[in-house]
Amino acid sequence: MAFDKDAIIESLKEASISDLNDLVKAIEEEFDVSAAAPVAVAGGAGDAGAEAKDSFDVELTEIGQEKVKVIKAVKDITGLGLKDSKALVDGAPSVVKEGVSQADADDMKAKLEEVGATVTLK
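As a starting point, this report considers the structure included with it. (Residues numbered from 1 in each chain as written. Predicted model: local features only at pLDDT ≥ 70, side-chain atom pairs only at ≥ 80, totals over all residues. Heavy atoms only, no water.)

### Examining the sheet that holds strand E3 (residues 118–121)
- Taken in spatial order, the three strands line up as E2-E1-E3 in an open sheet, and their pairing is antiparallel. The two strands at the open ends of the sheet, each matched to only one other strand, are strand E2 (94–100) and E3. Mean inter-strand twist for the sheet, computed between neighbouring axes without regard to direction, equals 20°.
- Here strand E1 (residues 56–62) runs beside E2; their pairing, made up of four bridges, is antiparallel. When the sheet's bridge partners are listed, phenylalanine 56 is paired in E2 with valine 100. (Pairing = 2+ DSSP bridges. Helix = DSSP H or I, 4+ residues; strand = E, 2+ residues; numbered from the N terminus. Axes fitted to C-alpha atoms, helices over the stretch in contact; angles between N-to-C directions.)

Right under this line is the structure:
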């Protein structure tokens, strides 16, 4: 017997909500699974949900009062030239680094916040 997903989908379109609910319960029992979607809990600054992640994007949200110091910090963090670092800072909110570890992201955030910038880890 061949698996015909299109026929199954058509059957589901015609089913009532009650029938679909019964189907979900039966599938959960038969295969010992849960249809509940995992829910991420948002913390004060996103740190609670961030602990489950293994890579982060460091976003410069606001540059603050010390623009020159922020540009220097971005230049040190990214390895970009002065002109490119300035453009990145001027374009805030902008991503400074993508796909970094939590330790590196926290370090970058601390360096930028030290010079007055506002940073978000995503």
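### Quick word on the side chain of threonine 78
- On the secondary structure map, threonine 78 appears in helix H4 (residues 67–78).
- Of the polar contacts made by the side chain of threonine 78, one reaches the backbone oxygen of valine 74; its length is 2.7 Å.
- At a separation of 3.1 Å, a polar atom in the side chain of threonine 78 contacts the main-chain amide nitrogen of leucine 80.
- Excluding residues within four positions of it along the chain, threonine 78 makes contact with Ser85, Val96 and Lys97. (Polar contact = N/O pair within 3.5 Å; in protein donor to acceptor, adjacent residues only side chain to side chain. Contact = heavy atoms within 4.5 Å.)

### What about the environment of lysine 72?
- Tracing the sequence through the fold places lysine 72 in helix H4.
- Owing to a relative accessible area of 52%, lysine 72 belongs among the exposed residues under this scheme. (Buried < 20%, exposed > 50% of the residue type's maximum accessible area, 1.4 Å probe, protein only.)

### Side note on the pattern of salt bridges
- Taken as a whole, this structure holds five salt bridges when the rule is applied.
- A salt bridge links lysine 67 to aspartate 90; its shortest N-O distance comes to 2.7 Å. Of this pair, lysine 67 sits in helix H4 while aspartate 90 is found in helix H5 (residues 82–90), placing the two residues 23 residues apart along the sequence.
- Judged by its relative accessible area of 32%, lysine 67 is partly exposed.
- Linking lysine 111 and aspartate 107 is a salt bridge whose minimum nitrogen-to-oxygen distance equals 3.6 Å. Here lysine 111 and its partner aspartate 107 are both found in helix H6 (residues 102–114), four residues apart, which amounts to about one turn of the helix.
- Judged by relative accessible area, aspartate 107 falls into the partly exposed class, the value being 40%.
- Among the ionic contacts, a cluster of salt bridges with common partners joins Lys67, Lys86 and Asp90. (Salt bridge = Lys/Arg side-chain N within 4 Å of Asp/Glu carboxyl O.)

All quantities given are derived from atomic positions and should not be read as evidence of function.
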